[in-house]
There are 2 protein chains.
Amino acid sequence: MSFENLCDLLKRNNFKLTDQRKSILFTLYENKDSLMSPEDLLVAAKKRCTKLNLSTIYRNIEALLKLDLLYKHIKDNGSTLYKLKLKDSHAHHMICTKCGKTEAVDFCPIEAFKGIIDKKQFQLTEHKLELYGHCKECSDDE
Amino acid sequence: MSFENLCDLLKRNNFKLTDQRKSILFTLYENKDSLMSPEDLLVAAKKRCTKLNLSTIYRNIEALLKLDLLYKHIKDNGSTLYKLKLKDSHAHHMICTKCGKTEAVDFCPIEAFKGIIDKKQFQLTEHKLELYGHCKECSDDE
DNA sequence: TTTTATGCAAAACTTTTGCAAGGCC
DNA sequence: GGCCTTGCAAAAGTTTTGCATAAAA
């Protein structure tokens with residue numbers, strides 16, 4: 001999905017394209033492969049729109065989550081990170097713990113669990129799988 | 001591991017078994033298959049030791065995490081839950097989103113990812129996999 | 001003009017910390 | 001007695017909310 005498509009999608013959902021919102025969207029789009037904290041997003045988006053408040057960031061995050069356009073990731077230390085979810089397909093990710101870059105992995109092993117789960121009479125509704133490590137670039141730096 | 005073994009383990013690590021600590025440990029032990037929030041833990045442990053403060057809960061959680069005796073789970077809404085980790089084997093869990101009960105699953109599919117990951121030159125250090133749904137009891141209630 | 005968004009400040013939560021007092025070993 | 005623990009209160013960090021104002025459509 002292009003940046004323009006993204007804007008259109010928001011318009012169709014009765015979102016007004018304010019400068020603040022555009023700067024937030026554009027910043028997310030620029031960093032669409034990296035996870036960002038609300039604070040990261042504020043700092044980066046301010047480069048495009050100086051008058052921007054943290055509460056606006058949070059309100060926009062909330063809105064994008066409702067539209068299922070954001071992927072929410074909570075780190076082990078509890079801090080919350082986001083990135084755009086541009087295609088709504090189910091995917092798992094490799095997450096670089098050094099630079100925060102993410103990459104989708106085109107494989108899901110959930111079928112292998114089905115037998116085990118059925119035996120326990122557990123009704124599966126969802127699952128989460130994430131791979132952590134160092135991406136090629138960060139490994140090279142070592 | 002029994003509750004007594006657990007106490008011994010702490011003693012060996014120079015932990016003093018105060019009433020507060022014992023009540024926290026016992027409460028965790030009683031609920032060893034369920035995830036609890038710090039607040040849950042406070043309320044439940046107070047039944048055994050009235051004089052108990054939330055900061056003591058947090059300090060003990062911290063200590064147990066360092067000993068790798070606690071499993072930390074962060075929910076999608078950001079709230080943090082804990083349960084005892086009595087065996088240190090790597091395991092994935094089925095988590096009931098209704099009652100919070102958890103059960104370990106004796107299967108890990110990570111090998112299936114190795115080829116894909118190597119191709120991307122990603123250095124895997126860790127992974128997280130969790131299964132969400134309804135346990136047998138909660139399904140029956142529907 | 002109507003509706004949605006925003007900034008600002010304050011509030012609400014959760015978690016951490018400093019310090020003096022208390023309790024275990 | 002010495003060292004670890006605790007309660008209490010205050011601080012710190014993050015996220016949410018109320019309200020008047022501003023901007024988009």
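Above this text is the structure in question.
What you are looking at is a predicted structure, and each value in this text was computed from that prediction instead of being measured.

Here the focus is the protein's contact with DNA strand C. The immediate surroundings of DNA strand C are formed by 22 residues, with Lys16, Thr18, Lys51 and Thr56 of chain A together with Tyr58 of chain B found nearest. Of what DNA strand C places within 4 Å of the protein, 70% of the atoms are sugar or phosphate. Measuring from a phosphate oxygen of DNA strand C, one finds a backbone N or O atom of Lys51 of chain A at 2.4 Å. Contact between DNA strand C and Arg59 of chain B: a base oxygen at 3.3 Å from a side-chain N or O atom of the residue. Counting residues per element, the ones that place at least two in the surface near DNA strand C are helix H2 (19-30) and helix H4 (54-66) of chain A together with helix H4 (54-66) of chain B.

We now examine the interface of chain A and chain B. At the junction of the two partners, chain A supplies 37 residues and chain B supplies 37 residues. When chain A packs against chain B, close to 3,400 Å² is buried across both sides, 65% of that on carbon and sulfur atoms. The partner of Lys120 of chain B in a salt bridge is Glu103 of chain A, with the nearest N and O atoms 2.9 Å apart. Across the contact surface, chain A and chain B share 10 residue pairs in polar contact (both at pLDDT 80 or more). Contributing elements (two or more residues each) for the side of chain A that touches chain B: strand S1 (70-74), strand S3 (92-96), strand S4 (102-105), helix H5 (111-119), strand S5 (123-134) and helix H6 (136-140) of chain A. The element contributing the most residues to the side of chain A that touches chain B is S5 of chain A, with 12 residues. Taken together, the residues of the side of chain A that touches chain B sort by class into 18 nonpolar, nine polar and 10 charged.

Another point: the packing of aromatic side chains. Within this structure, the stated rule accounts for six aromatic pairs over all chains. With a centroid separation of 4.9 Å and an interplanar angle of 90°, the aromatic rings of Phe3 of chain B and Phe26 of chain B are classed as edge-to-face. Of this pair, Phe3 of chain B sits in helix H1 (residues 3-12) while Phe26 of chain B sits in helix H2 (residues 19-30), and the two are 23 residues apart along the sequence. Note on Phe3 of chain B: relative accessible area 14%, which makes it buried. Phe26 of chain B sits in the partly exposed class, given a relative accessible area of 28%. Counting every residue linked through ring pairs, the aromatic cluster contains Phe3, Phe26 and Tyr29 of chain A. Here Lys32 of chain A stacks its cationic end above the ring of Tyr29 of chain A, 4.7 Å away from the centre of that ring.

Here we come to the relation of the copies chain A and chain B. When chain A is fitted to chain B, the best match, at an RMSD of 0.1 Å, comes from turning it 179° and sliding it 0.0 Å along the axis. Here the two chains are linked by the operation of a two-fold rotation axis. It is Leu129 of chain A whose C-alpha, among those of chain A, lies nearest the rotation axis, at 2.1 Å. The share of interface residues of chain A whose copies in chain B are also at the interface is 100%, consistent with both copies meeting through the same surface.

Definitions and limits used
Residues numbered from 1 in each chain as written. Chains lettered and ligands numbered in written order. Predicted model: local features only at pLDDT ≥ 70, side-chain atom pairs only at ≥ 80, totals over all residues. Heavy atoms only, no water. Near = heavy atom within 4 Å. Polar contact = N/O pair within 3.5 Å; in protein donor to acceptor, adjacent residues only side chain to side chain. Helix = DSSP H or I, 4+ residues; strand = E, 2+ residues; numbered from the N terminus. Contact = heavy atoms within 4.5 Å. Buried area = accessible area lost by both parts, 1.4 Å probe. Salt bridge = Lys/Arg side-chain N within 4 Å of Asp/Glu carboxyl O. Nonpolar A, V, L, I, M, F, W, Y, C, P; charged D, E, K, R; others polar. Phe/Tyr/Trp six-rings, centres within 6.5 Å; stacked < 30°, edge-to-face > 60°. Buried < 20%, exposed > 50% of the residue type's maximum accessible area, 1.4 Å probe, protein only. Lys NZ or Arg CZ within 6 Å of the ring centre and 35° of its normal. Least-squares fit on C-alpha atoms with pLDDT ≥ 70 in both.

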